[in-house]
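Spelled out, the chains give:
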Amino acid sequence: MSTPAIPLLLAAEGDGEFHAPTVADFFPPAIFFEGTPFEFNRIMLVRFIAAAVLLTVFVIAARRAKVVPGRFQNVIEMILDFVRNSIAVEVLGEKNGRKYFPLLATIFCTVLVMNLTGVTPFLNIAGTSVIGLPIVLALWTYVMYLGAGVKAHGVGGFLKNSLLPPGVPAPLYVLLVPIEFLQVFILRPATLAIRLMANMVAGHLMLAICFAATSFFLFDASGGMKLFGAGTFVAGSAFFFFEIFVAALQAYVFAILTAVYLNLSVEAEH
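Residues numbered from 1 in each chain as written. Predicted model: local features only at pLDDT ≥ 70, side-chain atom pairs only at ≥ 80, totals over all residues. Heavy atoms only, no water.

- As named in an unreviewed UniProt entry, the protein is ATP synthase subunit a, taken from Isoptericola peretonis.
- Of the comments in the UniProt record for the protein, the one headed Function (unreviewed entry) reads "Key component of the proton channel; it plays a direct role in the translocation of protons across the membrane."
- As recorded by UniProt, the Sequence similarities (unreviewed entry) comment attached to the protein reads in full: "Belongs to the ATPase A chain family." (UniProt positions renumbered as here; feature names shortened; annotations may be inferred.)

### Overview of the nonpolar core
Here is step 1: Core analysis: the biggest nonpolar cluster contains 44 residues, and Ile87, Tyr100, Leu104, Phe108, Val111 and Phe254 have the highest contact counts within it.
Here is step 2: Within the residue set of this core, elements represented by two or more residues are helix H2 (42-63), helix H3 (71-116), helix H4 (132-163), helix H5 (173-219) and helix H6 (228-266).
Here is step 3: Counting residues per element, this core draws most heavily on H3, which supplies 15 residues.
Here is step 4: Setting aside chain neighbours within four positions, we find phenylalanine 108 in contact with Ile79, Phe82, Val83, Ile87, Ala248, Ala251, Tyr252 and Ala255.
Here is step 5: One finds Phe26, Leu123, Ile125 and Val201 within the second-largest nonpolar core, a separate group that totals 6 residues. (Core = buried A, V, L, I, M, F, W, Y, C linked by side-chain atoms within 4.5 Å. Buried < 20%, exposed > 50% of the residue type's maximum accessible area, 1.4 Å probe, protein only. Helix = DSSP H or I, 4+ residues; strand = E, 2+ residues; numbered from the N terminus. Contact = heavy atoms within 4.5 Å.)

### Some details on the environment of alanine 152
Here is step 1: Counting through the fold element by element, alanine 152 comes out in helix H4.
Here is step 2: We classify alanine 152 as partly exposed; its relative accessible area is 45%.

### As for the packing of aromatic side chains
Geometry of an aromatic ring pair is reported as the spacing of the ring centres plus the angle between the planes.
Here is step 1: Counted under the stated rule, the structure contains 13 aromatic pairs.
Here is step 2: Here the aromatic rings of tyrosine 145 and phenylalanine 158 are separated by 5.8 Å at their centres, their planes lie at 75°, and the arrangement is edge-to-face. Note on accessibility: tyrosine 145 and phenylalanine 158 belong to one class, buried.
Here is step 3: Taking the centre distance of 6.3 Å and the plane angle of 70° together, the rings of phenylalanine 211 and phenylalanine 233 count as edge-to-face. Of the two residues, phenylalanine 211 sits in helix H5 while phenylalanine 233 sits in helix H6, which places them 22 residues apart along the sequence.
Here is step 4: Here a set of aromatic residues connected by ring pairs shows up, and it is made of Phe32, Phe33, Phe40 and Phe48.
Here is step 5: The ring of phenylalanine 101 is capped by arginine 84, whose NZ or CZ atom sits 5.7 Å from the centre of that ring. (Phe/Tyr/Trp six-rings, centres within 6.5 Å; stacked < 30°, edge-to-face > 60°. Lys NZ or Arg CZ within 6 Å of the ring centre and 35° of its normal.)

This is the structure:
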């Protein structure tokens, strides 16, 4: 029997039907202000909760900071040390790394916490799984990238460094300038936002499919088909831990790409 036919057979034999998750999960109904620019839905609520938790954690860490740190302070310092040493200083060097460390730490922690809401009980969807927040973060990176380059080289110098790669025969600039323009001013911010959103959407759908299938097999399927529930539950549990890894990985990727773009903007030539 082919794999695509199995869910149809189970739906026919069971007491209910299997309803696979859809992208409708990312467009929940409004809670407040429906039909207005201030419409507030479940994903907005998740984002507010994540932001409040993140701010609370760092306010508490700052107020309770001690010379000899406890476990809570140690965890916060480990995260910040990782961003400072493995991302900021590693990519930008000591001087620029310290300068842009607050930006990179904020981006890393924000993306991490928003991603982790996708595996947080009762929230169950990442705040970054809808394109609005990834776009805001990508635009922030983009503005800082342009500002750093213009401040370091002036408008003309920044455009020259960005669009005219050194050591290239002059006639090739006819081809290279449009390509570099597309990469620098469109693709870099776009890929930052799309990469983050796409990973969170995929992770949510995989988890939802596995646990929806588990519920169907255990409560609606009949006979021996219920045994498939154990397999889908194991798969869902594996995807749960994998999604935690992906959430951290995407926070790292977003932060390190931000650092790379900043380094490209302030370098004399690249």
